Amino acid sequence: MPVTDSEALATLHRVFGYEAFRGEQEAVIEHVVAGGDAVVLMPTGGGKSLCYQIPALVRPGTGIVVSPLIALMQDQVDALRALGVRAGFINSTQDFDERRVVEAEFLAGELDLLYLAPERLRLDATLDLLSRGKISVFAIDEAHCVSQWGHDFRPDYLALSLLGERWPDVPRIALTATATRATHQEITQRLNMPDARHFVASFDRPNIQYRIVPKSDPKKQLLAFLREEHAGDAGIVYCLSRNSVEKTAEFLTRNGIEAVPYHAGLDAGTRAAHQSRFLREDGLVVVATIAFGMGIDKPDVRFVAHLDLPKSVEGYYQETGRAGRDGLPSTAWMAYGLNDVVQQRKLIQSGEGDEAFRRRAAAHLDAMLALCETAQCRRGQLLAYFGQDPDPAGCGNCDTCLTPPETWDGTIAAQKVLSTVVRLQRERGQKFGAGQIVDILLGKRTGKVIQFDHDQLSVFGKGQELTEGEWRGVVRQLLAQGLLAVEGEYGTLVLTDASASVLRSERTVPLRKEPKRPAASRPGSAS
Ligand code: ADP
Ligand code: ZN
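One structure accompanies this document, and this report is about it. Predicted model, so just to flag it, every value in this text is computed and none were measured.

## Points about the packing of helix H18 (residues 434–442) against helix H20 (residues 468–480)
A pair of packed helices can be characterised by two numbers: the angle between their axes and the separation between those axes. Direction vectors running N to C along H18 and H20 enclose 130°, while the axes themselves pass 10 Å from each other. Relative to H20, the element H18 is oriented oblique. Pair H18 / H20 crosses with right-handed handedness. Contact residues: H18 offers Ala434, Gly435, Val438, Leu441 and Leu442, while H20 offers Glu468, Trp471, Arg472 and Val475. Classifying every residue of the contact of H18 with H20 by side-chain character gives six nonpolar, one polar and two charged.

## Looking at the coordination of the zinc ion (ligand 2)
At this site the zinc ion (ligand 2) is bound by Cys377 (SG), Cys395 (SG), Cys398 (SG) and Cys401 (SG), with donor distances of 2.3 to 2.4 Å. Coordination at the zinc ion (ligand 2) comes from four donor atoms whose angles at the metal span 102 to 118°, giving a geometry best classed as tetrahedral. The motif formed by the donor residues of the zinc ion (ligand 2), counted along the single chain, is C-x17-C-x2-C-x2-C. You can see Cys377 sitting in the loop between helix H14 (355–373) and helix H15 (378–385) and its partner Cys398 sitting in the loop between H15 and helix H16 (399–402), a full 21 residues away along the chain. There is no split in this pair, since Cys377 and Cys398 are both buried.

## Considerations on the sheet that holds strand E13 (residues 330–336)
The six strands are arranged E8-E13-E12-E9-E11-E10 in an open sheet whose pairing can be described as parallel. Of all strands in the sheet, those bounded by a partner on one side alone are strand E8 (208–214) and strand E10 (259–262). Looking at each pair of strands side by side, their axes are set apart by 15° on average, direction ignored. Direction of pairing for E8 relative to E13: parallel, over a ladder of seven bridges.

## A closer look at the environment of Gln343
Here Gln343 is to be found in helix H13 (residues 338–350). Judged by its relative accessible area of 37%, Gln343 falls in the partly exposed class. Linking Gln343 and Leu309, residues 34 residues apart in sequence, is a C-alpha distance of 9.7 Å.

## Considering the site of ligand 1
Around ligand 1 lies a shell of 15 residues, among which Tyr18, Gly45, Lys48, Ser49 and Asp297 are the nearest. With respect to ligand 1, the side chain of Tyr18 contributes an N or O atom lying 2.4 Å from an oxygen atom. For ligand 1, an oxygen atom lies 2.7 Å from a polar atom in the side chain of Ser49. When ligand 1 sits alone it has 560 Å² of accessible area, and the protein chains cover 78% of it. In the shell around ligand 1, the residues fall into five nonpolar, six polar and four charged.

Parameters at a glance
Residues numbered from 1 in each chain as written. Chains lettered and ligands numbered in written order. Predicted model: local features only at pLDDT ≥ 70, side-chain atom pairs only at ≥ 80, totals over all residues. Heavy atoms only, no water. Axes fitted to C-alpha atoms, helices over the stretch in contact; angles between N-to-C directions. Helix = DSSP H or I, 4+ residues; strand = E, 2+ residues; numbered from the N terminus. Parallel < 35°, antiparallel > 145°, perpendicular 65-115°, else oblique. Left-handed = near helix turned anticlockwise from the far one by under 90°. Contact = heavy atoms within 4.5 Å. Nonpolar A, V, L, I, M, F, W, Y, C, P; charged D, E, K, R; others polar. Donors = N, O, S within 2.8 Å, 3.2 Å for Na, K, Ca; no water. Tetrahedral: all angles 85-135°; square planar, octahedral: opposite > 155°, others 65-115°. Buried < 20%, exposed > 50% of the residue type's maximum accessible area, 1.4 Å probe, protein only. Pairing = 2+ DSSP bridges. Near = heavy atom within 4 Å. Polar contact = N/O pair within 3.5 Å; in protein donor to acceptor, adjacent residues only side chain to side chain. Areas by Shrake-Rupley, 256 points an atom, 1.4 Å probe, with all protein chains shown as cover.

What follows is the structure, encoded as structure tokens:
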């Protein structure tokens, strides 16, 4: 008899109050309850928690949950206790006495679930403690953190490969929402789970409409988007900096949209208050840095808007995935522009981390840019990124499917940009950012153009056929296609290995046409 006919299903009803399992949950739970190892890939909101919580309740002993999200442990444990589950956690936020209480409960067999931060498992004291109790299952949450190529690598996760050797009879379940094929393999290998069964849920979120628009006046574009499509809806607006979070929240409030800021610079009380208002109230907008959202479980988030470019496709997918958990139509909307690319490249180059780290960050950014600049179905590109097969006919629910972008032969335009970069470098030994290159092509005699005699260059004024916005679009797409690169603190443009083939006319450069400026730039529509 499948276990789900009996104890697991009974536990789902009795403890969690749910009718039925979702998607892969039943298969995963059945496998783990029977003692098998499992690697589970499920998108955010897919219901990963039950995959280990129910086996922990059904099997004798305590389920050990390894999670890097220390800040959420208290909430998770409180929520479980409210359901009558005997849960506890051990992490660095506790004092000695609190920890002793939890340890004693574990040893006495009085815990169903014990949450631990990964660094704990490097301590002999913790391993000793675990050896003296009875363990039902090891759950390794956010398992992609073991991947050195992922966007979230945590060295402490590497120590988790020990668990299988030390407790060969205890099933292990590794869970993640973000895994490309490469990460998936790395999880299996580094956690030493060669015999694990793999459960891969679909990453498609069909009710989310993906849209990426060129950035002109982001706050006004956002306002128009909210007024036209999401008046009175709850949603999250992501910005990169605390400063822009504050300014955007003020701007929305001033324009009649109820919005509160959320970022790590606010005191804990304010943050908690804003978060709980968001969960409780209808139609509140939270403007936040990515500090907001982990573990937030609000089903009716109708939109997620990005005013700045996420650092990776994984980040984008995770953040947009907070929209529409109830399955109703929702929008993932983003405004993106050339400055985003330049700024992020600068951050990577001036940031901490070794060369390998930078290369990885750059590769993540490249994948994100490719998603922004694609003329193909966005959903298809997302799914392919996660190693899943998209519908070749397109999804019909993203901007590129709904209004297919026109493409044009941008070979000559690309050559003009690249040869301006070459001339500056070869003839003058100079490097400049995108703004100067575009000014030269447009033949603008700005102070900086005069100062450097750039009106004497043969390319000066040779690009009048396109507008400034269009030229910036060309530069952006060249960056996204790897035909141009950004360098150094000032974001100067330099050629790549691939640039030469364009300059020698050995290849063409298809570019996507800049869509018409959105209605948001109507003058006087907002202040
Ligand atoms: P994840 O960890 O994959 O992001 P969660 O485990 O937090 O997702 O689950 C997301 C939401 O779905 C939670 O509110 C959870 O209670 C709910 N949920 C999970 N499984 C079921 C189910 N079988 N039936 C109803 N709701 C469920
Ligand atoms: Zn599509």
